[in-house]
Amino acid sequence: MNGELRPIIEARRVDKRFGAFHALKDVSATFYEGQVTAIVGPSGSGKSTFLRTLNRLEMHDSGEIVVDGIVLNDNLKNLDAIRREVGMVFQSFNLFSHLTILRNVSLAPMRVRKMRREDAESKAMSLLERVGLKNQAAKYPVQLSGGQQQRVAIARALAMDPKVLLFDEPTSALDPEMVNEVLAVMRELAYSGITMLVVTHEMGFAREVADRIIFFDEGVILEDTTPERFFANPEHDRAKSFLSQVRHGY
Amino acid sequence: MNWTKRYPGWAMFAAMIGLLVFLWGMAVPLSAAPAPIGPAADQFVEGARITVGLTLIAGSVGVVIGVLAGLGKLSRFGPLRWLCDSYVWLIRGTPLLLQILFVWLAFPLLMPEGIELSDFACAAIALSLNVGAYNTECVRAGILAVPHGQVEAARALGLTPIQTFMDVVLPQSMRVALPALANNLASLVKDSSLAYAISVVELTMVGYRVQAESYQPIPVFITVAAIYLILTTAFTTLTAALEAQLDVGQKR
């Protein structure tokens, strides 16, 4: 990374409760263009909730989130503008099960970007080729394996030309033998220079691909550092014990 | 019926053409029949057309009401939810015959001067409201059956709430709701006979009149029943084919 970094997402003192459970405690972080950030931590530490507040799938109670200069608030225009720029890939794929793979990928560009059908579909085909699924375009999601479905979901998010891609545990619902095909696509994306925030339990992937590691615990960011320092020499005991528990993974 | 599953497009086409041909051409075999059917053929044809007309109008309006009220029941806006709940409660808790009579006799008193509803319109309104209430519950169940993750995915892609509903939720909820909606449509074909109470000359009323003139209830009512069976068969074929058409991308 050269030159000065341009911030793309800024979270300032983001706070969120689910009833009595304090999910996010005054979380602040800035993410820069082109950066690949792996967000790790134990279950229930708030990492997925944090990711979901960034495109308002969860509403934060207080604090401020700015995406590409647009403040995330109750203004629906802002929200739609942000959602156009931020792509998301879910743990459970969430493909539209009544639409073909091709329609899954071409729907949003047609509806949101008002692209002509031929243009949207030719773009969808080239994205499906990129994730290695061109020959599955006419099938329905249920006919594909989990790994293939997740690759389609990545293509679907890419079809909107997002400035940032959010990944919410993209490999956690997959059979082990399918994890690698999805990680391979994500690796290729990371090297292509797209900004990525990845909530993951794949420590090998985080170490190899991420520029930055954020470690969540009990609703706060405990560590925000480089992969080298995080894996070799974590500062906090919580991070040390977390790493020792997942160490077999990398 | 397996062929409706294999060739849903053709089955829908065949059922629709069959219904039209039947309504158009049933006069020919009926008038060739011996008395008391033959001389009254035109009345049977007219009655069948009224029955099909009531069914199609109330059936389509009922689906629109069902979708709107089904959505309303799931709304975050309390008063709207309450309104839709009350509507379903009221309609399902009272007899259809009473509803038909109410529209026929009470609506004119409640309406502004100068607006007059025909008997047919009154029957169509009452039947629409009735089937709409039953459809509401089916549509609501269908909407709830669509995985919430797909709604999140659509919203995360930047689709508006209306686009999300039209492109993602509605098609899938319809697939779930369709068997129940089809059931309501089949009931509607027969429930439309209650319109006889407000002197709409639909199929059952025709049968009643013809047997009263001829004193031959057996052939007359058998003819009426046969026509109903042909109509319900056409409608169920239509909806079964539609079901097969929508049944894409699903585990079998």
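The model shown is predicted, which means the values in this text are computed figures rather than measured ones.

Definitions and cut-offs
- Residues numbered from 1 in each chain as written.
- Chains lettered and ligands numbered in written order.
- Predicted model: local features only at pLDDT ≥ 70, side-chain atom pairs only at ≥ 80, totals over all residues.
- Heavy atoms only, no water.
- Helix = DSSP H or I, 4+ residues; strand = E, 2+ residues; numbered from the N terminus.
- Rg over C-alpha atoms; globule rule 2.2 N^0.38 Å.
- Buried < 20%, exposed > 50% of the residue type's maximum accessible area, 1.4 Å probe, protein only.
- Phe/Tyr/Trp six-rings, centres within 6.5 Å; stacked < 30°, edge-to-face > 60°.
- Lys NZ or Arg CZ within 6 Å of the ring centre and 35° of its normal.
- Polar contact = N/O pair within 3.5 Å; in protein donor to acceptor, adjacent residues only side chain to side chain.
- Contact = heavy atoms within 4.5 Å.
- Salt bridge = Lys/Arg side-chain N within 4 Å of Asp/Glu carboxyl O.

J.: Can you help me understand the overall build of chain A in this one?
T.: On a plain count of helices and strands, chain A comes out with nine helices and 10 strands. The C-alpha radius of gyration computed for chain A amounts to 18 Å, which stays within 12% of the reference 18 Å derived for 250 residues, consistent with globular compactness. Here the C-alpha coordinates of chain A stretch approximately 55 × 45 × 45 Å along the principal axes. Taking all 250 residues of chain A together, 57% fall into the buried category.

J.: Honestly, the packing of aromatic side chains in this entry has me stumped. Any pointers?
T.: Remark: the centre distance and the inter-plane angle together describe each pair of aromatic rings, the angle taken between the planes. All names here are of chain A. This structure, assessed with the given rule, holds seven aromatic pairs over all chains. Members of the aromatic cluster, each reached through a chain of ring pairs, are Phe215, Phe230, Phe231 and Phe242. The ring of Phe96 carries the charged tip of Arg156 above its face, separated from the ring centre by 4.6 Å.

J.: Even after reading the chapter, I still don't get the side chain of Gln172(B), so can you show me in this structure?
T.: Mapped onto the secondary structure, Gln172(B) falls in helix 10 (residues 161–191). Only 3.2 Å separates the side chain of Gln172(B) from the side chain of His98(A), close enough to count as a polar contact. For Gln172(B), the residues in contact, after removing those within four places along its chain, are Ser97(A), His98(A), Val146(B) and Gln150(B).

J.: Looking at this model, I keep getting lost on the pattern of salt bridges. Mind explaining?
T.: Pairing is possible between side chains of opposite charge, provided their charged atoms come close. Scanning the model with the defined rule gives 25 salt bridges over all chains in all. Arg238(A) is paired through a salt bridge with Asp217(A); the nearest N and O atoms lie 2.8 Å apart. Here Arg238(A) is found in helix 9 (residues 237–246), whereas its partner Asp217(A) is found in strand 9 (residues 212–217), with 21 residues between them in sequence. Given a relative accessible area of 40%, Arg238(A) falls into the partly exposed group. We classify Asp217(A) as buried; its relative accessible area is 6%. In this structure, the salt-bridge partner of Lys73(B) is Glu137(B), at a minimum N-O distance of 2.7 Å. Taken together, the residues span a long stretch of sequence, with Lys73(B) in helix 4 (residues 41–73) and Glu137(B) in helix 8 (residues 119–145) at a distance of 64 residues. This pair shows no difference in class: Lys73(B) is buried, exactly as Glu137(B) is. Connected through shared salt-bridge partners, Arg6(A), Glu33(A), Asp68(A), Glu85(A) and Lys163(A) make up one network.

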